[in-house]
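Each chain, letter by letter, is given below.
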Amino acid sequence: MKLPSHDAAARTPGDGGHRVHLPHFPAGPLRQVVRRLLLALLVMVVTVAIVYVDRAGYHDNSDDEVDFLDAVYYSTVTLSTTGYGDIVPYSDSARLCNILLVTPLRVLFLIILVGTTLEVLAERTREQYRLNRWRSALRDHTVVVGFGTKGRSAVQTLCATGLPKNRVVVVDPNHKVIEAANAEGFAGVVGDATRSDVLLRAEAQRARQFVIATQRDDTAVLVTLTARQLNRGANIVAAVREEENAPLLRQSGADAVITSASAAGRLLGMSVQSPTAGAVIEDLIQQGTGLDLVERTVVKAEVGKSVRDTDDLVVSVLRGHRLLAYDDPDASPLRAADRLITIVRAPMVQE
């Protein structure tokens, strides 16, 4: 088996644990704590300024004078409701400032600190609840391993054919890649997909299909083996760089193997001979625009008819495990269990 020399996507160090990331999470707890601590510091500074300006109205039991350090000390013990009593306001103005200004600031300071703890705990609870609800509702979804150029294009094609974004789970070892997937509305799992515990976090045992788009062929083989072990009935489609590795992918359990380098080379060769034909092929594989190549079931009205009598342009007929060309004599008449590979006009997108 030929192995490429490097795979940055599969061996990215320092990306954290194997976590599930759902899209559109609110700001993290650490950011909330920092913001509230800065607000608490602001309250402290205002209190120190109030006490220091009216320092003549305060009495210090140690030296009868209140300096800046004493103002900071008094503000700290007052806002924290410690209150040792060694520095006290004795003038009417100082006591009035404590009633009207310092006491409300003390209450605000406590609200900030207690609110921070409650909000962090509530956010963690909401996140865990959301994650548990997501896992319990996830069924017959699509697991995409690798969110590079190939994986992203595959997801875009699937979504163009009607797959909801909440039925897609992206698995990638790079934390920044998962953040990019979250930004596009996809759930993600950070981790190495060759490990079964990572795929289990993506609920691989209940997935309908897998799209394996790793950068290295050996990684694709290991992911395919792991996915097939966890889910015997799922449809697995894998991409390889070298055509000589395609049989190994099929032996590992892949239902379909796409050789990316060879496919691109064939399209290049076709475009050299006929640029228009190359443009048509590119249009067919780009779902949602122009012409689309789709697979569908035979409708009741088409049973017993010839391939040429259908409303769509039929390219091939899938009958059992046989793929019949449109001009094959055995393709007609159509049967109820047949599936048709047709060329149809992509639906117009209304703005």
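For the structure, see preceding data.
Predicted, not measured: the structure shown is a model, and the values here were computed from it.

Q: Where do I start with the pattern of salt bridges in this structure?
A: Any two side chains of opposite charge can pair, on the condition that their charged atoms come close. In this structure the tally under the stated criterion is 11 salt bridges. A salt bridge links arginine 216 to aspartate 218, with the nearest nitrogen and oxygen atoms 2.6 Å apart. The residues arginine 216 and aspartate 218 share a single accessibility class, namely buried. Salt-bridge contacts for arginine 322 lead to aspartate 330; the nearest nitrogen and oxygen are separated by 3.5 Å. The class for arginine 322 is partly exposed, based on a relative accessible area of 44%. With a relative accessible area of 41%, aspartate 330 lands in the partly exposed category. What you see here is one network of salt bridges that share partners, running through Arg296, Glu302 and Asp312.

Q: So what exactly am I meant to see when it comes to the environment of tyrosine 74 here?
A: With respect to the secondary-structure elements, tyrosine 74 resides in helix α2 (residues 68–79). Its relative accessible area of 8% is what places tyrosine 74 among the buried residues. For tyrosine 74 and valine 51, which are 23 residues apart along the polypeptide, the C-alpha to C-alpha distance reads 8.1 Å. With sequence-adjacent residues up to four places away left out, tyrosine 74 is seen in contact with Val51, Tyr58, Ile87, Pro89 and Asn98.

Q: Before we go on, may I ask you to explain the pairing of strand β13 (residues 339–345) in this structure?
A: In the case of a regular strand, side chains alternate between the two sheet surfaces. Across seven bridges, the pairing between strand β10 (residues 291–297) and β13 is antiparallel. When the sheet's bridge partners are listed, valine 294 is paired in β13 with threonine 342. Direction of pairing for strand β11 (residues 313–319) relative to β13: antiparallel, over a ladder of five bridges. For leucine 313, the partnering residue across the bridge sits in β13 and is isoleucine 343.

Q: What am I meant to see in the side chain of serine 75 here?
A: If you trace the backbone, serine 75 turns up in helix α2. A residue is classified by how much of its surface remains accessible, and serine 75, at 0% relative accessible area, is buried. One polar contact links the side chain of serine 75 to the main-chain amide nitrogen of valine 48, over a distance of 3.4 Å. Aside from chain neighbours lying at most four places away, what touches serine 75 is Met44, Thr47, Val48 and Val51.

Q: What am I meant to see in a negative patch on the surface here?
A: A cluster of acidic residues, Asp63, Asp64, Glu65 and Asp67, forms a negative patch on the protein surface. Examined against the element boundaries, aspartate 67 turns out to sit in the loop between β2 (58–60) and α2.

Q: Just to check I follow, could you spell out the packing of aromatic side chains for this structure?
A: Tallied over the entire structure, the rule returns three aromatic pairs. Taken together, a centroid distance of 5.7 Å and an interplanar angle of 80° make the contact between tyrosine 52 and phenylalanine 68 edge-to-face. Taken as a pair, tyrosine 52 in helix α1 (residues 29–53) and phenylalanine 68 in helix α2 lie far apart in primary sequence, 16 residues in all. For tyrosine 52, a relative accessible area of 31% gives the class partly exposed.

Q: Looking at this structure, I do not really get the sheet that holds strand β12 (residues 322–325). What am I missing?
A: Across a sheet, paired strands are connected by hydrogen bonds in the backbone, their directions being either parallel or antiparallel. Judged by pairing direction, the sheet is antiparallel, and its four strands sit side by side in the order β10-β13-β11-β12 without closing on themselves. This sheet does not close on itself; its edge strands, each paired only once, are β10 and β12. This sheet shows a mean twist of 25° between the axes of neighbouring strands, independent of strand direction. Looking at chain direction, β11 and β12 are connected through four bridges and run antiparallel. Paired with leucine 318 across the bridge in β12 is leucine 323.

Q: Mind showing me how you'd approach unusual backbone geometry here?
A: Here the residue pair serine 332 and proline 333 is connected by a cis peptide bond, since its omega of -5° sits within 30 degrees of zero. Position of proline 333 relative to the elements: it lies in the loop between β12 and β13. Backbone geometry places aspartate 140, a non-glycine residue, at a positive phi of 50°. In this fold, aspartate 140 is placed in the loop between α3 (92–137) and β4 (142–145). Judged by relative accessible area, which is 45%, aspartate 140 ranks as partly exposed. A positive phi angle, near 55°, is found at glutamate 203, a position not held by glycine. Relative to the elements of secondary structure, glutamate 203 occurs in the loop between α6 (196–201) and β7 (209–212). Judged by relative accessible area, glutamate 203 falls into the buried class, the value being 9%.

Cut-offs used in this document
Residues numbered from 1 in each chain as written. Predicted model: local features only at pLDDT ≥ 70, side-chain atom pairs only at ≥ 80, totals over all residues. Heavy atoms only, no water. Salt bridge = Lys/Arg side-chain N within 4 Å of Asp/Glu carboxyl O. Buried < 20%, exposed > 50% of the residue type's maximum accessible area, 1.4 Å probe, protein only. Helix = DSSP H or I, 4+ residues; strand = E, 2+ residues; numbered from the N terminus. Contact = heavy atoms within 4.5 Å. Pairing = 2+ DSSP bridges. Polar contact = N/O pair within 3.5 Å; in protein donor to acceptor, adjacent residues only side chain to side chain. Patch = residues over 30% accessible without salt bridge, like charges linked within 9 Å, V, L, I, M, F, W, Y side chains within 5 Å. Areas by Shrake-Rupley, 256 points an atom, 1.4 Å probe, with all protein chains shown as cover. Lys, Arg positive; Asp, Glu negative; His and termini not counted. Charge placed at Lys NZ, Arg CZ, Asp CG, Glu CD. Phe/Tyr/Trp six-rings, centres within 6.5 Å; stacked < 30°, edge-to-face > 60°. Axes fitted to C-alpha atoms, helices over the stretch in contact; angles between N-to-C directions.

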